[in-house]
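If you want the building blocks of each chain, they are given just below.
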Amino acid sequence: SSGDWEKIADIKAYKYSYYNIDLRGAFQYLNPKFVIDIEDKAKRSRDISELMGTEISEFSKRHLYFSNDASFQIRGRLASKVNGLLRYNYQILNFEEPENELVSQPANSYAHLGYGKIGIRVNPRFVVSVEGQGGERVYDKAKVVSGNQIVEVDVVDYSSWRALLGVNYRFGPRTSLSVSGGAEGRHYFGETTRDLKDTTSPVVKIAFNQSQRNTYNLKISGEYAQSTYGQNLYFTYWQAGIYFKYYFVKTLYASVGFTYKQDYYDRSILNTEDIWQDDRLDVLYLANAGITWDALRKHGVPYLSFSLNYRYRMRDSNIDSADDYVPTFTGSHPSYDTEINYVIFRVVFNPSILIGPYK
C-alpha cells in the first residue's frame with residue numbers, strides 16, 4: 001500500500017499485513033419430510049467484495065473488517081411437485097481501527113434478513129419459482145477525518161423487500177437457463193446529514209449454464225438491481241459477465257472470467273445535488289484468470305490446493321476532476337477513477353471434520 005497518505009503518516013507497507021479468518025460451522029438435521037440447516041460463518045479480511053460481491057462502491061483492500069453471519073434454514077417438499085424453503089440470517093460487520101490515522105473508519109453495522117422460496121416442478125425439465133425477502137441494515141456512526149480531527153458522521157439505516165418470479169429450464173443434463181424478474185423497494189430511516197429518498201425499482205436476473213463434470217463449466221449471466229451495501233452511497237446497476245473453467249485433469253484446472261458493469265448514482269435520491277454537477281456514472285471492468293492444482297483430495301473433496309490468480313479491477317467514473325463538483329462545494333474533490341492489479345499465490349489447507357451417526 002503506497003501513496004500520499006502513507007508517506008505523510010510514514011506508514012510502512014508491512015503495517016498492513018494481517019491474519020485472515022474464514023471459518024464455517026454447520027449442523028444439519030435430516031428428516032424424510034424436511035431438512036434443517038444451522039450455519040455460522042466468520043470472516044476477517046480486507047477485501048469487502050469477498051463478503052458483499054460487486055454490489056458495493058469500495059474497491060480497495062485498505063479497511064480491515066470482521067464479519068459473522070448466522071443462519072437458520074428449513075427446506076422440504078410441500079407436495080409431490082412443490083418444494084419450499086425458509087431462511088433467516090443475522091449478520092454483524094465491524095471494522096478495525098485503520099493503521100493510518102489519516103484514513104476514515106467505516107461505520108459498523110448489523111443486518112436481519114428473512115428469505116422464502118417455493119419451487120413448482122411443471123415437468124422434469126421446467127421449474128417455476130416464487131421468492132421473497134425482507135430485512136434491514138442498521139449502522140453505527142462512521143469516523144471521518146476532517147482536517148486534523150476525527151468527526152463522527154451519521155450513516156442512514158434502511159429496510160428493504162424484494163419479490164421475484166422465476167423460471168428454470170433444463171435443455172439437457174448439462175445445459176440450463178434461468179430467468180427471474182420482479183421488484184424491490186427500500187425505505188431509509190434514522191438521523192443523518194443526507195436525506196435519502198425511498199426507492200422502488202425492477203430486478204432482472206438471467207443465467208445460462210453449461211457444464212460437464214471434471215471437464216468444463218461455462219456460465220453467462222446478466223443482472224439489473226440496486227446495490228445492497230453502502231455508507232450513505234447507493235446505486236442501481238446492470239452487469240453482464242462470462243465465466244469459464246476448464247479441467248486439464250481432475251486435479252488441475254484453469255478459469256477465466258470477465259464482467260462489464262455500470263453503476264448509476266442518482267443525485268436526487270442520494271441528496272448529493274450540492275456536491276456533484278451531474279448524476280454519477282461508473283463503468284467497471286472486472287477480469288480474472290487463474291490456475292489451481294488440488295494436490296490432495298479425499299472423497300472427491302480437495303483439502304490441499306495451490307493456486308495462482310490474476311485480478312484486474314478498473315473503474316471509469318464521470319466524477320474524476322474538480323470541474324465535476326458544484327462550485328460552492330467546499331469539501332475534498334476526489335476522482336473516483338480506479339485501476340487495481342492483483343497477483344495472488346495461495347496455498348489452502350482445508351480439512352473437513354464430519355461428526356454424526358454412522359451405520
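For the structure itself, consult the block above.
Described in the following lines is the structure provided in the data block. Keep in mind the model is a prediction, meaning the values are calculated, not measured. Every chain's residues receive numbers from 1 upward, in the order its sequence appears when written. Totals for whole chains, interfaces and linings use every residue, but because this is a predicted model, local features are given only for residues with pLDDT of at least 70 and side-chain atom pairs only at 80 or more, for both listing and counting. Only heavy atoms go into the side-chain values, all of them from the structure, while hydrogens and water stay out.

## Examining the overall build of the chain
- Looking only at helices and strands, one finds 3 helices and 17 strands in the chain.
- Note on method: radius of gyration uses C-alpha positions; expected globular size equals 2.2 Å times residues raised to 0.38. Its C-alpha atoms give the chain a radius of gyration of 23 Å, near enough to 21 Å, the size a compact globule of 359 residues would have.
- Each principal axis of the C-alpha distribution contributes one length, and for the chain these read about 70 × 45 × 35 Å.
- Any pair of residues with heavy atoms lying within 4.5 Å of one another is described as a contacting pair. The long-range fraction of contacts in the chain, counting pairs at least 24 apart against all pairs at least 6 apart in sequence, stands at 56%.
- Throughout, the Shrake-Rupley method with a 1.4 Å probe supplies accessible areas, and for residues the shown protein chains are the sole cover considered. Summed over its atoms, the accessible surface of the chain is roughly 21,200 Å², and 56% of this surface lies on carbon and sulfur atoms.
- His is not counted, nor are the chain ends; Lys and Arg add positive charge and Asp and Glu add negative charge. For this purpose, a charge sits on NZ of Lys, CZ of Arg, CG of Asp or CD of Glu. A gap of 15 Å separates the mean positions of the 42 positive and 41 negative side-chain charges of the chain. Each helix is a run of DSSP H or I of at least 4 residues and each strand a run of E of at least 2, with the numbering of both proceeding from the N terminus.

## Re the pairing of strand S8 (residues 149-153)
- Burial within S8 is sparse, with just 0 of its 5 residues counted as buried.
- Should DSSP find at least two bridges between two strands, the strands are taken to pair. As paired strands, strand S7 (residues 142-146) and S8 are joined by 5 bridges and run antiparallel to one another. Bridge pairing links Val144 to Val151 in S8.
- What sits between the antiparallel neighbours S7 and S8 is a turn of 2 residues, in which Gly147 has the positive phi angle 70°. Only protein chains enter the accessibility calculation, which uses a 1.4 Å probe; a residue whose area is less than 20% of its type maximum is buried, one above 50% is exposed, and one in between is partly exposed.

## Structural notes on the packing of aromatic side chains
- Only the six-membered ring of Trp is used, alongside the rings of Phe and Tyr, when aromatic pairs are assigned; centres must lie within 6.5 Å, and planes under 30 degrees apart are stacked while those over 60 apart are edge-to-face, with the rest tilted. Within this structure, the stated rule accounts for 21 aromatic pairs.
- Ring geometry for Tyr139 and Tyr229: centres 6.1 Å apart, planes at 45°, overall tilted. Of the two residues, Tyr139 sits in strand S6 (residues 126-139) while Tyr229 sits in the loop between strand S12 (216-226) and strand S13 (236-249), which places them 90 residues apart along the sequence. In this pair, the class of Tyr139 matches that of Tyr229, namely buried.
- Measuring from centroid to centroid gives 5.0 Å for Phe235 and Tyr265, while their planes differ by 55°, and the two rings are tilted. With Phe235 in the loop between S12 and S13 and Tyr265 in strand S14 (residues 252-265), the pair connects residues that are 30 residues apart, well separated along the chain. Accessibility assignment for this pair places Phe235 and Tyr265 in one class, buried.

## Description of the environment of Ala163
- Assignment of secondary structure puts Ala163 in strand S9 (residues 157-172).
- For Ala163, a relative accessible area of 38% corresponds to the partly exposed category.
- Along the primary structure Ala163 and Gly134 are separated by 29 residues, whereas in three dimensions their C-alpha atoms are 8.9 Å apart.

## Considerations on a nonpolar patch on the surface
- Judged by side-chain polarity, Phe244, Tyr246, Phe248, Val249, Val256, Ile291, Leu308, Tyr310, Val343, Phe345 and Val347 come together as a nonpolar surface patch covering roughly 1,000 Å² of accessible area.
- Every element with two or more residues in the nonpolar patch is listed here: S13, strand S16 (301-317) and strand S17 (338-349).
- Top contributing element to the nonpolar patch by residue count: S13, with 4 residues.
- The topology assignment puts Val347 in strand S17. A patch consists of residues exposed above 30% relative accessible area that lack any salt bridge, with like charges linked at up to 9 Å and nonpolar side chains (Val, Leu, Ile, Met, Phe, Trp, Tyr) linked at up to 5 Å. Salt bridges, as used here, are contacts in which a Lys or Arg side-chain nitrogen is within 4 Å of a carboxyl oxygen on Asp or Glu.

## Considering the side chain of Ser71
- Tracing the backbone through its elements, the reader meets Ser71 in strand S3 (residues 65-79).
- The class for Ser71 is buried, based on a relative accessible area of 12%.
- In this view, Ser71 contacts Asp37, Ile38, Glu39, Arg87, Tyr88 and Asn89; residues no more than four positions away in its chain are not counted.

## Overview of the nonpolar core
- Throughout this description, the term nonpolar core refers to a set of buried Ala, Val, Leu, Ile, Met, Phe, Trp, Tyr and Cys residues connected via side-chain atoms within 4.5 Å. If you look at the biggest cluster of nonpolar residues, it comprises 29 residues, and the most contacted ones within it are Ile48, Leu93, Tyr229, Tyr234, Leu270 and Trp276.
- Elements that contribute at least two residues to this core include exactly strand S4 (82-95) and S9.
- If we ignore the near neighbours within four places in the chain, the residues touching Trp276 are Leu233, Tyr265, Arg267, Leu270, Ile319, Asp324, Tyr325, Val326 and Tyr336.
- Of all hydrophobic cores here, the second largest spans 6 residues; its members include Leu284, Leu286, Ile340 and Tyr342.

## A closer look at the environment of Tyr14
- With respect to the helices and strands, Tyr14 occurs in the loop between helix H1 (4-9) and strand S1 (21-30).
- Note: C-alpha distance between Tyr14 and Phe27 (13 residues apart in sequence) is 39 Å.

## Some details on unusual backbone geometry
- A positive phi angle, near 65°, is found at Asn232, a position not held by glycine.
- If you trace the backbone, Asn232 turns up in the loop between S12 and S13.
- With a phi angle near 55°, Asn271 is a residue other than glycine that sits in the positive phi range.
- Note on placement: Asn271 falls in the loop between helix H3 (267-270) and strand S15 (280-298).
- The exposure class of Asn271 is partly exposed, given its relative accessible area of 25%.

## Some remarks on the pairing of S3
- Across 12 bridges, the pairing between strand S2 (residues 34-45) and S3 is antiparallel. Considered in S3, the bridge of Glu39 is made with Ser71.
- Here 14 bridges tie S3 to S4, and the two strands are oriented antiparallel to one another. Bridging across to S4, Ile74 finds its partner in Leu86.
- A loop of 2 residues connects S3 with S4, the two strands running antiparallel in sequence.

The analysis is restricted to geometry; functional conclusions fall outside its scope.
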